[in-house]
Amino acid sequence: AQTVTQSQPEMSVQEAETVTLSCTYDTSESNYYLFWYKQPPSRQMILVIRQEAYKQQNATENRFSVNFQKAAKSFSLKISDSQLGDTAMYFCAFMKRWGGSEKLVFGKGMKLTVNP
Amino acid sequence: GAGVSQSPSNKVTEKGKDVELRCDPISGHTALYWYRQSLGQGLEFLIYFQGNSAPDKSGLPSDRFSAERTGGSVSTLTIQRTQQEDSAVYLCASSLTSGDEQFFGPGTRLTVL
């Protein structure tokens, strides 16, 4: 079964600093998708970044980048130049696909606080 | 609309009552998902709709839960005879097609007294 583990329940960082959020997953599939979602207090889940497992190049989106280590099944998110608006819950997710169906399997989430 | 919308935003009900939660996906999106977010269980998959195919209901926690999607667009999640453990935020998401990015709605917070 696919599982996603986020071992750090909570982190805080000063504005403008860099922070790394860790995520590990377990799967026997060879091709899959990984995601980081952000959930601010407004409750809206927002996609931060997406990685396709067959692509060796790490995905980047502006201040957000990932360190994807396929062999180690690790998918960490780096946030550079942290901003107050980055304060939110962050969820790592794996897309499980089977028999014409699919779903996101989420980690437990990590609460990030950016302090001024 | 520009994004996925859900109604109501908040719902308080008494134990034993039935509730209906609505989701309006992004126009043109063929795939629709329901998830439940609770303190104890985190984010759980409930059900998946893709076009006109039979839905995958494997995540529904009991037969009190059902969902339908009319005309390949709006979806309704119905919970019959609500229990206190049904209290959670119910999130709906849609994607252009299977495997694509899922866009989430703001969720419905259900409280069962």
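Residues numbered from 1 in each chain as written. Chains lettered and ligands numbered in written order. Predicted model: local features only at pLDDT ≥ 70, side-chain atom pairs only at ≥ 80, totals over all residues. Heavy atoms only, no water.

Caption draft 1: How the structure looks around the overall build of chain B. From N to C terminus, chain B includes zero helices and ten strands. Its C-alpha radius of gyration of 13 Å places chain B within 12% of the 13 Å reference for a compact globule of 113 residues. C-alpha atoms of chain B, sized along the principal axes, occupy 35 × 25 × 25 Å. If you take every contact in chain B between residues at least 6 apart in sequence, the share linking residues at least 24 apart comes to 55%. Accessible area of chain B: about 5200 Å², with a carbon and sulfur share of 46%. The averaged location of the 12 negative side-chain charges in chain B is 6 Å from the averaged location of its 10 positive side-chain charges. (Helix = DSSP H or I, 4+ residues; strand = E, 2+ residues; numbered from the N terminus. Rg over C-alpha atoms; globule rule 2.2 N^0.38 Å. Contact = heavy atoms within 4.5 Å. Areas by Shrake-Rupley, 256 points an atom, 1.4 Å probe, with all protein chains shown as cover. Lys, Arg positive; Asp, Glu negative; His and termini not counted. Charge placed at Lys NZ, Arg CZ, Asp CG, Glu CD.)

Caption draft 2: A look at the overall build of chain A. Along the backbone of chain A there are zero helices and twelve strands. Traced from its N-terminal end to its C-terminal end, chain A shows the element sequence β-β-β-β-β-β-β-β-β-β-β-β. Computed over C-alpha atoms, the radius of gyration of chain A comes to 14 Å, within 12% of the 13 Å expected from 2.2 N^0.38 for 116 residues, which places it in the range of a compact globule. Each of the three principal axes of chain A carries a C-alpha extent, and together these read 45 × 30 × 20 Å. For chain A, the proportion of its 116 residues judged to be buried stands at 47%. (Buried < 20%, exposed > 50% of the residue type's maximum accessible area, 1.4 Å probe, protein only.)

Caption draft 3: View of the interface of chain A and chain B. In this assembly, 19 residues from chain A lie in contact with 26 residues from chain B. Across the chain A/chain B interface, buried area totals approximately 1800 Å², and carbon plus sulfur atoms make up 49% of it. Applying the counting criterion to the chain A and chain B interface returns zero salt bridges. Inspection of the region where chain A meets chain B yields ten residue pairs in polar contact (both at pLDDT 80 or more). Only β5 (33-39), β6 (46-52), β10 (88-98) and β11 (101-106) of chain A provide two or more residues apiece to the side of chain A that touches chain B. Counting residues per element, the side of chain A that touches chain B draws most heavily on β11(A), at five residues. (Buried area = accessible area lost by both parts, 1.4 Å probe. Salt bridge = Lys/Arg side-chain N within 4 Å of Asp/Glu carboxyl O. Polar contact = N/O pair within 3.5 Å; in protein donor to acceptor, adjacent residues only side chain to side chain.)

All quantities given are derived from atomic positions and should not be read as evidence of function.
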